[in-house]
Protein chains: 2
Amino acid sequence: MSDTIVTAAMIVIGDEILSGRTREANAHHLARVLTGVGIDLREIRVVGDDKAAIIEAVNVLRARYTYVFTSGGIGPTHDDITADAVGAAFGLPVEPDPAALAMLTDHYARRGQEFTAARRRMARVPEGAVLIDNPVTTAPGFLIGNVHVLAGVPAIFQAMLDNVLPSLRTGRKLLSDSIECPFGEGVIGAPLGAIQAEHPDAIIGSYPRYEDGRHWAEIVVRAADPSVLDTALADVRGMLDALARGE
Amino acid sequence: MSDTIVTAAMIVIGDEILSGRTREANAHHLARVLTGVGIDLREIRVVGDDKAAIIEAVNVLRARYTYVFTSGGIGPTHDDITADAVGAAFGLPVEPDPAALAMLTDHYARRGQEFTAARRRMARVPEGAVLIDNPVTTAPGFLIGNVHVLAGVPAIFQAMLDNVLPSLRTGRKLLSDSIECPFGEGVIGAPLGAIQAEHPDAIIGSYPRYEDGRHWAEIVVRAADPSVLDTALADVRGMLDALARGE
């Protein structure tokens, strides 16, 4: 059991999310994958296609967390400004990468399509970046410093994430279990808070559910240490049993 | 046609989003509603149940945008820390609000339920806050300064948002239209960028689609002025027609 804590943040880039035209579709996937390998996703920011906003988010978050993952803005059109903004955040020039150019040249040649100026934009990365393979449409993502720059199209985002996952340091993996609680949060609030106070190494969350006029709650207990998890869960179950007996 | 720009940010609060246990369900709704009334949502941040993280997000974003909306963390359990964190961000004490206490006392009395200490927590708001009515489960949200503190449960978030909407200043409403483009972004990239450069008052976005091995794109044009929108749209259509003729 690792006790190292490895952290991450995500930056979702795109006007279409903030205008409500498109529903964001990568954050939940990233959260699940990172949690599964023992990386704590600590923050998600959604910013528009705005260079200053991207630069600020990249520089704040890369200094604060082990890893940063971005999604969106690496296509061939004028509103795809992520590579330039990330380069600017690092103070690095953004230039065509020879390996990316070669891959894309080959890709379009095989398809009998012109390697247009717009398509050439997708080979541009900050100086020193490492390419991230895109098995879906070839145009690569890249890693610069601790910032992984991935595509916004979900199938490509997921494939790129699969490709970088083996290279990530991972840490403490939080074990998790949940208990369906038949009582509303107003009933369990005080005793659950007392259980949390007695188990500082567990993270106890309560998630209200309201269905058909009935309140109930899902209680989620998380801990890195299985014995901490088990004793906290046992205390929660004991509390619920006592409530059920009307105590 | 208003030319005032009114801006907003959202703060989503909850460990369960960052761990991937729960899929965030309010940001897309808020984005659509705000866009519809002429408020530009500029940024979304997701933070955990962490007081320092909430305080930082509230203080950065309330200084930067016309309005801030938060979702989550206002229930009766120990992990609901939003009211305390928002109070701390404003340097205000957080105390039970007499009107909220009265509403909740009445609510639980009518249901024959005990008004527990945990339930009393839901009456606590920063000093001077204005309550936001919750027609679903009574426990109110609140407005302090320019920060609207709303529930995380989607049905309650939406009802609270409906209640505050008439009180919001609204501004420039961006008109929007989209064109289905049969060409991939690599084909339209350069001419579309030229059209954007010719129409600085329009915002032209291109959203790649990749289905069944075929690339196409949705081109979205937004502008506050209908004549700007129409001329930019006409230029995009003209460009696509020229491409279709093989020019």
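In short, a report on the structure. Keep in mind it's a predicted model, so treat the numbers as computed, not measured.

**Structural notes on the overall build of chain A**
So, point 1. Within chain A, the secondary structure is distributed over nine helices and eleven strands.
So, point 2. Its C-alpha atoms give chain A a radius of gyration of 23 Å, more than 25% over the compact-globule value 18 Å for 247 residues.
So, point 3. Expressed as lengths along the three principal axes of its C-alpha atoms, the size of chain A is roughly 75 × 40 × 35 Å.
So, point 4. Here chain A holds 247 residues, and the buried ones make up 54% of them.
So, point 5. A sequence separation of at least 24 residues applies to 68% of the contacts in chain A between residues at least 6 apart.
So, point 6. Within the structure as shown, chain A displays about 10200 Å² of accessible surface, and the carbon and sulfur contribution to it stands at 52%.

**Let's talk about the packing of aromatic side chains**
The relation between two aromatic rings is expressed through the spacing of the ring centres and the mutual angle of the planes.
Residue and element names in this part refer to chain A.
So, point 1. Evaluated as defined, the whole model comprises four aromatic pairs over all chains.
So, point 2. Ring geometry for Tyr 67 against Phe 69: centres 6.4 Å apart, planes inclined by 55°, an arrangement best described as tilted.
So, point 3. Residue classification places Tyr 67 among the buried positions, given a relative accessible area of 10%.
So, point 4. Here the guanidinium or amino end of Arg 62 rests over the ring plane of Phe 90, the centre of that ring lying 3.7 Å away.

**Quick look at the packing of helix 2 (residues 27-37) of chain B against helix 7 (residues 154-164) of chain B**
Residues and elements named next belong to chain B.
So, point 1. Between helix 2 and helix 7, the least distance of the axes is 11 Å, while the angle of their chain directions is 20°. With respect to their mutual orientation, helix 2 and helix 7 come out roughly parallel. Between helix 2 and helix 7 lies a crossing of right-handed hand. In contact with His 29, Leu 30 and Val 33 of helix 2, helix 7 contributes Phe 157, Gln 158 and Leu 161.
So, point 2. Of the residues contributing to the contact of helix 2 with helix 7, the split by class is four nonpolar, two polar and no charged.

**Details of helix 5 (residues 98-110) of chain B**
All names here are of chain B.
So, point 1. End to end, helix 5 covers 18 Å across 13 residues, agreeing with the expected 18 Å (1.5 Å per residue, within 8%).
So, point 2. Along helix 5, the residues that are buried comprise Ala 100, Leu 104, His 107 and Tyr 108. For helix 5, the angular spread of the buried residues around the axis is 90°, confining them to a single face. Structural note: helix 5 exposes Pro 98, Ala 109 and Arg 110 on the side pointing more than 90 degrees away from its buried face.
So, point 3. Capping the start of helix 5 is the job of one residue whose side-chain oxygen sits 3.0 Å from the backbone nitrogen of Ala 99: Asp 97.
So, point 4. Looking one or two residues past helix 5, Gly 112 carries a phi angle of roughly 65°, positive in sign.

**Describing the relation of the copies chain B and chain A**
So, point 1. Once chain B is rotated about the relating axis by 180° and shifted along it by 0.0 Å, it coincides with chain A to within an RMSD of 0.0 Å. Those values place the two copies in the arrangement expected of a two-fold rotation axis. In terms of proximity to the rotation axis, the leading residue of chain B is B:Arg45, whose C-alpha is 2.2 Å off the axis.
So, point 2. Most of the interface of chain B is mirrored in chain A, where 100% of its interface residues are also at the interface.

**A few points about the sheet that holds strand 11 (residues 214-223) of chain B**
All names here are of chain B.
So, point 1. Taken in spatial order, the three strands of this open sheet run 9-11-10, and their pairing is antiparallel. Each end of this open sheet is capped by a strand with a single partner; those strands are strand 9 (175-181) and strand 10 (203-211). For this sheet, the mean angle separating the axes of adjacent strands, direction not counted, is 20°.
So, point 2. Judged from the seven bridges that link them, strand 9 and strand 11 form a sheet pairing that is antiparallel. Bridging from a neighbouring strand, Glu 180 pairs with Glu 218 of strand 11.
So, point 3. Along the sheet, helix 8 (residues 185-198) contacts strand 9, strand 10 and strand 11; its crossing angle with strand 10, the most-contacted strand, is approximately 175°.
So, point 4. Sheet strands touched by helix 9 (residues 226-244): strand 9 and strand 11. Its angle to strand 9, the strand with the most contacts, is close to 5°.

**A look at a positive patch on the surface**
So, point 1. Together, A:Arg23, A:Arg32, B:Arg23 and B:Arg32 make up a region of like positive charge exposed at the surface.
So, point 2. You can see B:Arg32 is positioned in helix 2.

**As for the interface of chain B and chain A**
So, point 1. In this assembly, 57 residues from chain B lie in contact with 57 residues from chain A.
So, point 2. Summed over the shared surface of chain B and chain A, the number is eight salt bridges.
So, point 3. B:Asp15 serves as the salt-bridge partner of A:Arg222, at 3.3 Å between the closest nitrogen and oxygen.
So, point 4. At the boundary of chain B with chain A, the tally comes to 18 residue pairs in polar contact (both at pLDDT 80 or more).
So, point 5. Contributions of two or more residues to the side of chain B that touches chain A are made by helix 1 (15-18), helix 2, strand 2 (40-47), helix 3 (51-64), helix 6 (117-121), helix 8, strand 10 and strand 11 of chain B.
So, point 6. Residues belonging to the side of chain B that touches chain A are distributed by class as follows: 20 nonpolar, 19 polar and 18 charged.
So, point 7. As paired elements, strand 2 (residues 40-47) of chain A and strand 2 of chain B share five bridges and run antiparallel to each other. Counted as the bridge partner of A:Glu43 is B:Val47 from strand 2 of chain B.

Thresholds applied
- Residue numbering note: each chain is counted from 1, following its sequence as written.
- Labels follow written order: the first chain is A, the first ligand is 1, and so on.
- pLDDT decides what is reported in this predicted model: residues at 70 or higher carry local features, side-chain atom pairs at 80 or more are listed and counted, and totals for whole chains, interfaces and linings draw on all residues regardless.
- Note that water and hydrogens are dropped before the side-chain values are worked out from all heavy atoms of the structure.
- Numbered from the N terminus, helices here are DSSP runs of H or I no shorter than four residues, and strands are runs of E no shorter than two.
- Each radius of gyration reported is based on C-alpha atoms, and the globular scaling rule is 2.2 Å times the count of residues to the power 0.38.
- Using a 1.4 Å probe on the protein chains alone, a residue whose accessible area is under 20% of its type maximum counts as buried, one over 50% counts as exposed, and one in between counts as partly exposed.
- Contact criterion: two residues are considered in contact whenever any of their non-hydrogen atoms come within 4.5 Å of each other.
- Throughout, the Shrake-Rupley method with a 1.4 Å probe supplies accessible areas, and for residues the shown protein chains are the sole cover considered.
- Stacked, edge-to-face and tilted labels apply to pairs of Phe, Tyr and Trp rings (six-membered ring for Trp) whose centres lie within 6.5 Å, assigned for plane angles under 30 degrees, over 60, and everything in between, in that order.
- Our definition puts a charge over a ring when NZ of Lys or CZ of Arg is within 6 Å of the ring centre and also within 35 degrees of the ring normal.
- Orientation is described by axes fitted as lines to C-alpha atoms, over the contacting stretch for helices, and by angles from 0 to 180 degrees between their N-to-C directions.
- Orientation labels follow simple angle bins: below 35 degrees gives roughly parallel, above 145 gives roughly antiparallel, 65 to 115 gives roughly perpendicular, and whatever is left gives oblique.
- By the definition used in this description, the sense in which the near helix is turned from the far one sets the handedness, with an anticlockwise turn below a right angle giving left-handed and a clockwise turn giving right-handed.
- Charged residues are taken to be Asp, Glu, Lys and Arg, nonpolar residues to be Ala, Val, Leu, Ile, Met, Phe, Trp, Tyr, Cys and Pro, and polar residues to be all remaining types, Gly included.
- A helix's residues, less one, multiplied by 1.5 Å, set its expected span.
- As used here, the arc belongs to the directions running from the helix axis to the C-beta atoms.
- Polar contacts here mean pairs of N or O atoms no more than 3.5 Å apart (in protein, one a potential hydrogen donor and the other a potential acceptor; neighbouring residues in sequence count only if both atoms are side-chain atoms).
- A residue counts toward the fit only if its pLDDT is at least 70 in both copies, and the copies are then superposed by least squares on the C-alpha atoms of those residues.
- The criterion for strand pairing is that DSSP finds at least two bridges linking the strands in question.
- Note on patches: the residues involved have over 30% relative accessible area and no salt bridge, like charges join within 9 Å, and the nonpolar side chains Val, Leu, Ile, Met, Phe, Trp and Tyr join within 5 Å.
- Salt bridges are defined as contacts in which a side-chain nitrogen from Lys or Arg sits within 4 Å of a carboxyl oxygen from Asp or Glu.
- Counting rule for charge: Lys and Arg are taken as positive, Asp and Glu as negative, and neither His nor the chain ends is counted.
- For the purpose of locating charges, the reference atoms are NZ of Lys, CZ of Arg, CG of Asp and CD of Glu.

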